[in-house]
Amino acid sequence: MNKSIDRIYRKQQILFVLFALMAGQSGAQQQGPTYEDILQGFADPQRWLTYSGDYSGKRHSPLEQITPANVGQLRPIWTFQTGTTTRGRGFETTPLVDNGVLYVTGSNNYAWAIDARSGRAFWQYRRNLPDDLTYGSSAPVNRGFGMLGNQLFMVTLDAHLLAFDRRNGEILWDVQLADYRVGYAATLAPLVIDDKVIVGISGGEYATRGFIDAYDPGTGERIWRFNTIPGPGEPGSETWPDDPEVLARGGGGTWMNGSYDPDLNLIYWGVGNPNPDYFGDLRPGDNLYSNSLVALDADTGELRWHYQFTPHDLNDWDSNHMPVLADIQWRGLPRKVVMVGNRNGFFYVLDRATGDLLLGEPFTATSWARELDAQGRPIVLNDGSEGCVPDPWGSTNFMPPSFYPGLDLFILTARETCATYVPEEPRYVPGQASFGGVVFIDGEQGYGALRALDVHSGDLAWEFTYPSPTFGGVMTTASGLVFAGDHEGNFMAFDVNTGENLWHYQTGSRIWGAAPITFMLDGRQIVMIPSGTTLTAFALPEH
Amino acid sequence: MQKLKIMTKQPYFVTAVPGITVLRGLLLTAVLLIPALALGQAVNPLDSSPRAAAAGGSLFRAQCATCHGADARGIAGIQAPDLTQLWSQPGQSDSAVFQTIRNGIPGSIMPPHAFTDTETWMLVTYLKSLGPADSMASYGGDRGRGARLFDKNCSGCHLLNGSGGALGPDLTGIATRRSRQSLVTSIREPGAVLVRGYRPVTLVTRDNLRIDGTIKSEDAFSIQIMDRKQSLRGFRKKDLARLHYPDRSLMPEFNQATLNDSELEDLLSYLAGQ
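Note that the structure is a prediction, hence the values are computed from the model and not measured. Think of each chain on its own: its residues are numbered from 1, step by step along the sequence as written. Chains and ligands are labelled by the order in which they are written, letters from A for the one and numbers from 1 for the other. Restriction of local features to residues with pLDDT of at least 70 applies here, the model being predicted, together with a cutoff of 80 or more for giving and counting side-chain atom pairs; totals for whole chains, interfaces and linings are based on all residues.

**Student:** Any chance you could explain the overall build of chain B here in plain terms?
**Tutor:** The helix and strand inventory of chain B stands at 9 helices and 7 strands. By residue count, 25% of the 274 residues in chain B fall in the buried class. Contact between two residues is assigned when their C-beta atoms, built from the backbone, lie within 7 Å. Within chain B, contacts between residues separated by at least 24 positions form 57% of all contacts whose residues are at least 6 apart in sequence. Every helix listed is a DSSP run of H or I at least four residues long, and every strand listed is a run of E at least two residues long, numbered separately from the N terminus. Think of it as a crowd count around each C-beta: if 20 or more other C-beta atoms lie within 10 Å the residue is buried, if 12 or fewer it is exposed, and in between it is partly exposed, with C-beta placed from the backbone throughout.

**Student:** Whenever I open this one, the overall build of chain A confuses me. Can you help?
**Tutor:** Counting secondary structure elements, chain A contains 4 helices and 37 strands. Values of the radius of gyration come from C-alpha atoms, whereas the globule rule sets the reference at 2.2 Å times the count of residues to the power 0.38. Over its C-alpha trace chain A gives a radius of gyration of 23 Å, about what one expects of a compact globule, namely 24 Å for 543 residues. When its C-alpha atoms are laid out on the principal axes, chain A stretches across 95 × 50 × 45 Å. Across the 543 residues of chain A, 56% fall into the buried class.

**Student:** I'm lost on the nonpolar core in this one. Help?
**Tutor:** Note that soluble globular proteins tend to have their nonpolar side chains buried in a common cluster. Put simply, a nonpolar core is buried Ala, Val, Leu, Ile, Met, Phe, Trp, Tyr and Cys residues tied into one set by C-beta atoms within 7 Å. In this structure, A:Y103, A:F153, A:L296, A:M339, A:F410 and A:I411 are the most contacted members of the largest nonpolar core, which totals 164 residues. Counting contributing residues, this core receives three or more from each of domain 3 (143-190 + 252-273) and domain 4 (199-244) of chain B. When near neighbours in sequence (up to four residues on either side) are disregarded, A:L296 contacts A:I212, A:F226, A:L266, A:I267, A:W269, A:G301, A:E302, A:L303 and A:R304. Per the annotation, domain bounds derive from an automatic or database assignment of domains.

**Student:** Where do I start with the sheet that holds strand β36 (residues 524-531) of chain A in this structure?
**Tutor:** Backbone hydrogen bonds hold the strands of a sheet together, and the pairing may be parallel or antiparallel. Residues and elements named next belong to chain A. For two strands to pair, DSSP has to find at least two bridges joining them. Strand order in the open sheet formed by 4 strands is β2-β37-β36-β35, with antiparallel pairing between adjacent strands. Strand pairing shows two members of the sheet lacking a second neighbour, β2 (75-81) and β35 (517-521), which therefore form its edges. Here the average twist between neighbouring strands, direction ignored, is 25 degrees. Inspection of the sheet shows β35 paired to β36 by 5 bridges, in the antiparallel sense. Bridge pairing links I517 to M528 in β36. All axes are obtained by fitting lines to C-alpha atoms, using only the stretch in contact for helices, and the reported angles, taken between N-to-C directions, cover 0 to 180 degrees.

**Student:** It is not clear to me how the environment of A:Y428 should be interpreted in this structure. Could you clarify?
**Tutor:** Residues and elements named next belong to chain A. Checked against the element boundaries, Y428 lands in the loop between β27 (419-423) and β28 (437-441). According to the C-beta neighbour criterion, Y428 is partly exposed, with 17 such atoms within 10 Å. Sequence separation between Y428 and P530 is 102 residues, and the spatial gap between their C-alpha atoms is 37 Å. Those residues within four positions of Y428 in sequence are excluded, and the remaining contacts are A207, R249 and S434.

**Student:** Quick question: what am I supposed to make of the interface of chain B and chain A here?
**Tutor:** Interfaces are often described in size by the accessible area the parts lose on coming together. Listed as interface residues are 24 residues of chain B and, on the opposing side, 30 residues of chain A. When residues of the side of chain B that touches chain A are traced back to their parent elements, those giving at least two are β4 (210-218), β5 (222-227) and β6 (232-236) of chain B. Looking at side-chain class alone, the side of chain B that touches chain A contains 6 nonpolar, 11 polar and 7 charged residues. Under the convention adopted here, Pro, Cys and the residues Ala, Val, Leu, Ile, Met, Phe, Trp and Tyr are nonpolar, Asp, Glu, Lys and Arg are charged, and Gly plus all remaining residues are polar.

**Student:** Where do I start with the sheet that holds strand β29 (residues 447-454) of chain A in this structure?
**Tutor:** Residues and elements named next belong to chain A. Ordered by their spatial adjacency, 4 strands build an open sheet running β25-β26-β29-β30, and the pairing between neighbours is antiparallel. Strands at the two margins of the open sheet, each flanked by one partner only, are β25 (402-404) and β30 (460-466). Neighbour to neighbour, the strand axes of the sheet diverge by 25 degrees on average, direction disregarded.

**Student:** How should the packing of helix α5 (residues 94-103) of chain B against helix α6 (residues 117-128) of chain B be read in this particular structure?
**Tutor:** For any two helices packed against each other, one specifies the crossing angle of their axes together with the interaxial distance. Residue and element names in this part refer to chain B. Their axes nearest at 9 Å, the elements α5 and α6 cross at an angle of 125 degrees. With respect to α6, the axis of α5 lies oblique. Here α5 and α6 pass one another in a crossing that is right-handed. On the side of α5, the interface is formed by D94, V97, F98, I101 and R102, while α6 contributes T120, W121, L123, V124 and L127. Of the residues assigned to the contact of α5 with α6, the class counts are 7 nonpolar, 1 polar and 2 charged. In these notes the angle categories are as follows: under 35 degrees is roughly parallel, over 145 is roughly antiparallel, 65 to 115 is roughly perpendicular, and the rest is oblique. Each crossing gets its handedness from the near helix: less than a right angle anticlockwise from the far helix is left-handed, clockwise is right-handed.

**Student:** Sorry, what's going on with the confidence of the model for chain A here?
**Tutor:** pLDDT measures how confident the predictor is about each residue, on a scale from 0 to 100. On average, residues of chain A carry a pLDDT of 92, and 95% of them reach 70 or more. In the predicted structure, residues 15-26 of chain A sits below a pLDDT of 50 and forms 1 contact with residues beyond four places in sequence or in another chain.

**Student:** What exactly am I supposed to notice about unusual backbone geometry here?
**Tutor:** Peptide bonds are, in most cases, trans, and in most cases residues other than glycine have a negative phi. Residues and elements named next belong to chain A. The omega torsion across N275 and P276 is 0 degrees, close enough to zero to call that bond cis. Looking at where P276 falls in the secondary structure, it is placed in the loop between β16 (266-270) and β17 (292-297). For the bond from L288 to Y289, the omega torsion is 5 degrees, close enough to zero to count as cis. Even without being a glycine, A159 presents a positive backbone phi close to 60 degrees.

**Student:** Looking at this model, I keep getting lost on the pairing of strand β10 (residues 170-176) of chain A. Mind explaining?
**Tutor:** Working note: regular strand, side chains alternate between the two faces of the sheet. All names here are of chain A. Pairing geometry for strand β9 (residues 160-165) and β10, over 6 bridges, is antiparallel. Its bridge partner lying in β10, D165 is registered against E170. Remark: 4 residues form the turn of the hairpin made by β9 and β10, two consecutive strands paired antiparallel; G169 in that turn has positive phi of roughly 75 degrees.

**Student:** Can you walk me through helix α8 (residues 180-188) of chain B in this structure?
**Tutor:** Residues spaced three or four apart along an α-helix point in a common direction, a consequence of the helix completing one turn every 3.6 residues. Residue and element names in this part refer to chain B. For α8, the complete set of buried residues consists of L183, S186 and I187. Viewed end-on, α8 has its buried residues packed into an arc of 95 degrees, placing them on one side of the element. Where α8 is buried, its residues contact α9 (261-273). Each C-beta atom gives one direction from the helix axis, and the arc is the one those directions make.

Spelled out as structure tokens, the structure:
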């Protein structure tokens, strides 16, 4: 008797749940991810809601369906093509994923919502760009959307910030960040935190002045601005000549995404080169906050601390890198750190609450400097005028690295190059580049490598060399895999312990700055990396 | 005497003294061009000429229709847009359309074209003639009542000026793009014309779940829809038990009982006032 009643109750429960599900079908609309959802990072494996997957910048996924044992069976399941030209740089984007839909930005400010099951587009956006773009025409790229609720956010080559309705690609608001005619553009993926869309700006090769802005997602109103080059009399201005004209064209672009610590309420952002790039005579001093990592109060944009990697830069070694936040044991004690693989060839570990430098060691053969002094300043041996230091694109660049917890490995794409710098005073014309010299690069001597660094020492744990200095980004997964892209178009998987290559696929175009993503869909783990004008999804064979 | 001053500034007047009618024509051009050039825009010299529109139409069909469609409304599968709505875009001008035809759109499949100035203006004039004939129709209803009617009946599915739903098309500026009659038809008989991107479909999954939506894209093996909850959803056809393409739009019909003629006028006035 009891058993049959139990059975009836269970059936009723099941029916009730079914009814609730059916009712849900015709009920409330989907609201899209909240700030709390993004905070949870990789907790929902079907989502990739922000540039790095979570706010820490580690780009380390917990997914384990694809393993070192089976990754060799990865196969393409669909390819999407953009139908737009790229001027040699192609996709630099990270797709966002939610509910089986990919939200992707591309060259020339095209953007799409794409079905992750089939690679077919729901909608496409194309912007009517002005035909007199400045910085935006030499690098017509975009690194991705930000997402909050049913809104997407994207910056443009004519230096605007747009909000879209992600359901149909319609523009909800459009605000100007800066005047593109002076030399500005915008290319980064916005960082969306609680009620703020945070963006930076490009233009360090022109007579511009960089900033980091926060905007209200609902209205597009600016909430705060942090100027990366101080105004006359402001803190940091003592590292510049006392000349407002020099400050007004100080550079300091902020063209990469940043990381966020919600407990400290700090945003970590990289700052680019001072202008002019190679000619430093008219800007004596350290030129803060160029080539620095800045930690800003997320509510006000005020500077809490900074660390300058390359004072008085003469080599265009922007520090626009993903800051990687991790909680690790440091010399026996738990420590909240931020790690940066820098364009100047050094790997850094800092305390992310205070900015104290914990480690700074070269990860390439750079002869520019081999060590930092007691104050954390590089001891410069060769500023590039005497030949053979890393080229302007640097020992690494904006392509994201990855941190593998437990093994405490910082894995990045390294470039070994040999260049001589010849500075020359430039003319300053709004809308025209002012590099301030030329660089001779020895093409014969360059190569690239995927390098895994032990974060506690900066020592090389392993490397996989590439034939040319490369720009592809890196992602790791908890099953012990490293995924990366290279300059010859290979999308590859490696064993995180040894660097042994376990799988590769030729995508047909150099992979420039884009990094892999991974997510679950219908019970299958998908991995992908945007390459040139294509996006291909890979998975293990279905059973 | 002032007229002579203007003329003598033109270099081609230095040697010859042309006849009076030519002078007047050139003067008119100078008077037209000087303010326009001061604004940085060229003026369409063939504006509203029916003969220019006809010639432009021939040129369009020969040179542009392969991508934009013989009716200029775009072709499914090619990324060339519907050109019949060009002048409803804010800030649009004959001069801007001229430049787009002349220079193309960098990074897209729209190439530059080496047509002469006259040929290009003919194309501009033709495209301008394609807009709705009574796009400047006037509506005599109460906009305030129309706003309330819109909020109650329409905003759940339609965007207007950045807010509302996404199941149906964005209605911002719709009255400048569509004739009065077509707007009335869309409201009274929504199934009469099913627009690409909003064609209805009913899917039944292998678990017997029925999903209604609008088709965003489809191929032999997959279909991409927006469902009634306004979510974008993609399906592999092999995961579906059935697909059905109804004749009826997802938009409900608003007949006299649900929206009488006076209320309809209020609603149209509200839409046109935007």
